[in-house]
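# Fold and contact review
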Amino acid sequence: MGNIFTEMDEMLGKLRRNEEQMTEAQKKQYAVQLLALKKKISKSATEICRSFLLCGIRILKEDENNEAIERINMILAEEIARGALKEASRILFSTYNVDKFLEALCPVHDRVFYEGYAPYWIEHCDVYNEEGKQTHGGGEFSAWNHIIDMGWIEEYGVWKKKDEMCWMIMLPPTMELIQKEYEEAKKRYAGAL
């Protein structure tokens, strides 16, 4: 996906230069070309948006008809109806900045992730009590997730492969921890507005 970001950034730079440097007569003369460039940017933005909003979501093949997919689609439909994606697009074309575009999409991503995906994630977590904790090469797992096949290291708030140096930052193993994380994210966005 790195190339699409570079290409989109270049197209946005070209659009910005044209829109800022062209006279009104030139804008009319080259209206078809400007529109074609905007359509190309929109197509790339749609691809980036889709990837970003679904980033981190893994559904097991045997669960492809799970209600998590329905929840995620419902949230996306609500956000589209609310105008969140149009607002992100407006920000993209007014700032010519991919990062600002993605920032505008962060609350939508988090809603998809925390409200839509988290219940599915929790279904695939086994949380251990103190007696049931499992040991691995570097400490104890307090939970196990079957989607990523990793154990939760509570002390660091990360998932780790058993007997491997492989770590992952993902949703925590309980709804209580997920809600706490989600509330913190919402506060960050409220403070940024």
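To keep things clear, this report deals only with the structure shown in the data block. (Residues numbered from 1 in each chain as written. Predicted model: local features only at pLDDT ≥ 70, side-chain atom pairs only at ≥ 80, totals over all residues. Heavy atoms only, no water.)

## Overview of the nonpolar core
Ranked by size, the top nonpolar core spans 46 residues in total, and within it Met 8, Ile 41, Phe 101, Tyr 117, Trp 121, Trp 159 and Leu 171 carry the most contacts. Sorting the residues of this core by element identifies helix H1 (2-21), helix H3 (31-53), helix H4 (67-82), helix H5 (84-95), helix H6 (98-123), strand S5 (150-153) and helix H7 (175-192) as the ones contributing at least two each. Of all the elements, H6 adds the most residues to this core, at 12 residues. With near-sequence residues (within four places) excluded, Tyr 117 lies in contact with Gly 56, Ile 57, Arg 58, Ile 59, Ile 72, Val 112, Ile 147, Met 170 and Leu 171. Counting five residues, the second-largest nonpolar core is a separate cluster that includes Tyr 128, Trp 144, Ile 153 and Val 158. (Core = buried A, V, L, I, M, F, W, Y, C linked by side-chain atoms within 4.5 Å. Buried < 20%, exposed > 50% of the residue type's maximum accessible area, 1.4 Å probe, protein only. Helix = DSSP H or I, 4+ residues; strand = E, 2+ residues; numbered from the N terminus. Contact = heavy atoms within 4.5 Å.)

## Remarks on the packing of aromatic side chains
For the structure shown, the criterion picks out eight aromatic pairs. Where Phe 113 meets Tyr 114, the ring centres are 5.8 Å apart and the plane angle is 80°; that geometry is what we call edge-to-face. Comparing Phe 113 with Tyr 114 shows no difference in burial state: the two are buried. The rings of Phe 113, Tyr 114, Tyr 117, Tyr 120, Trp 121, Trp 152, Trp 159 and Tyr 182 are connected pair by pair, giving a single aromatic cluster. Directly above the ring of Trp 167 sits Lys 160, whose terminal nitrogen or CZ lies 5.6 Å from the centroid. (Phe/Tyr/Trp six-rings, centres within 6.5 Å; stacked < 30°, edge-to-face > 60°. Lys NZ or Arg CZ within 6 Å of the ring centre and 35° of its normal.)

## Focus: the environment of Asn 97
Checked against the element boundaries, Asn 97 lands in the loop between H5 and H6. Distance in space between the C-alpha atoms of Asn 97 and Lys 38 is 14 Å, their sequence separation being 59 residues. A distance of 3.0 Å separates a polar side-chain atom of Asn 97 from the backbone nitrogen of Lys 100. (Polar contact = N/O pair within 3.5 Å; in protein donor to acceptor, adjacent residues only side chain to side chain.)

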